[in-house]
Amino acid sequence: MFKQVKSALFWYYLFKFRRRVILIVLLLIIALFANAIYGDVVEYLKLKDKLVFLEMALISKWAIIIFNIVFSVYLLLTMFKNEEEQSSKKQNKKEETKRKEQTKESKKEEKFTAREKEFLYKKKLRSQADLLVEK
């Protein structure tokens with residue numbers, strides 16, 4: 001049973017973080033190809049007796065490998081932090097939508113000015129002619 005739980009957790013996280021896992025695997029494959037290409041470049045430069053360029057080839061090989069490894073470690077370390085940030089962003093969006101809905105409702109209620117409300121809620125509306133007749 002423990003193997004099933006372990007397998008379920010493995011596949012859950014693999015599915016959940018598949019993009020990052022694929023990116024990490026691709027970066028590590030690039031690092032391996034950089035090593036293979038470096039070997040070919042060294043053999044070619046030895047055959048052509050252009051040993052001056054070996055230093056540049058070695059530096060570029062290690063720059064590619066170190067960059068890929070550091071970037072992979074960064075992706076692994078930020079994998080779980082990204083999940084927390086997304087959940088907090090979702091909560092913030094929900095709160096913002098609630099606030100917007102409340103402001104829209106309050107704006108609908110308050111679309112009349114104070115003077116217009118006074119006229120709307122008067123029981124008896126009188127014009128200037130009515131006032132003159134009463135005098």
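This structure is a prediction, so every number in the text was calculated from the model and none was measured. (Residues numbered from 1 in each chain as written. Predicted model: local features only at pLDDT ≥ 70, side-chain atom pairs only at ≥ 80, totals over all residues. Heavy atoms only, no water.)

Of regular secondary structure, the chain possesses 6 helices and 0 strands. When the helices and strands of the chain are read in sequence order from the N terminus, they spell out α-α-α-α-α-α. Against the 2.2 N^0.38 benchmark of 14 Å for 135 residues, the chain shows a C-alpha radius of gyration of 36 Å, more extended than a compact globule. Referenced to the eigenvectors of the C-alpha coordinate spread, the extents of the chain come out at roughly 120 × 55 × 15 Å. Across the 135 residues in the chain, those meeting the buried criterion constitute 13%. Contacts in the chain between residues at least 24 apart in sequence constitute 68% of all its contacts with a sequence separation of at least 6. Total accessible area on the chain is roughly 12700 Å²; 63% of this is exposed by carbon and sulfur atoms. Each charge class in the chain can be summarised by its mean position, and for the 29 positive and 17 negative side chains these summaries are 3 Å apart. (Helix = DSSP H or I, 4+ residues; strand = E, 2+ residues; numbered from the N terminus. Rg over C-alpha atoms; globule rule 2.2 N^0.38 Å. Buried < 20%, exposed > 50% of the residue type's maximum accessible area, 1.4 Å probe, protein only. Contact = heavy atoms within 4.5 Å. Areas by Shrake-Rupley, 256 points an atom, 1.4 Å probe, with all protein chains shown as cover. Lys, Arg positive; Asp, Glu negative; His and termini not counted. Charge placed at Lys NZ, Arg CZ, Asp CG, Glu CD.)

Counting across every chain of the model gives 2 aromatic pairs. Plain terms: the ring middles of Phe67 and Phe71 are 5.9 Å apart, the flat faces sit at 5° to each other, and that makes the pair stacked. Residue Phe67 and its partner Phe71 are both found in helix H3 (residues 54-77); the two are separated by 4 residues, about one turn of the helix. Classification of Phe67 as exposed rests on a relative accessible area of 52%. Plain terms: the ring middles of Phe71 and Tyr74 are 6.4 Å apart, the flat faces sit at 25° to each other, and that makes the pair stacked. Of this pair, Phe71 and Tyr74 both sit in helix H3, 3 residues apart, roughly one helical turn. (Phe/Tyr/Trp six-rings, centres within 6.5 Å; stacked < 30°, edge-to-face > 60°.)

Time to look at unusual backbone geometry. Glycine aside, residues mostly have negative phi, and peptide bonds are mostly found in the trans state. The backbone of Asp49 shows a phi angle near 55°, a positive value even though the residue is not glycine. Summarising the element assignment, Asp49 is placed in the loop between helix H2 (18-47) and H3. The class of Asp49 is exposed, set by a relative accessible area of 64%.

Turning our eyes to something else, we now look at a nonpolar patch on the surface. Taken together, the side chains of Ile22, Val25, Leu26, Ile29, Phe33, Ile37 and Val41 define a hydrophobic patch exposed on the protein surface, amounting to about 620 Å² of accessible area. Residue placement: Ile29 occurs in helix H2. (Patch = residues over 30% accessible without salt bridge, like charges linked within 9 Å, V, L, I, M, F, W, Y side chains within 5 Å. Salt bridge = Lys/Arg side-chain N within 4 Å of Asp/Glu carboxyl O.)

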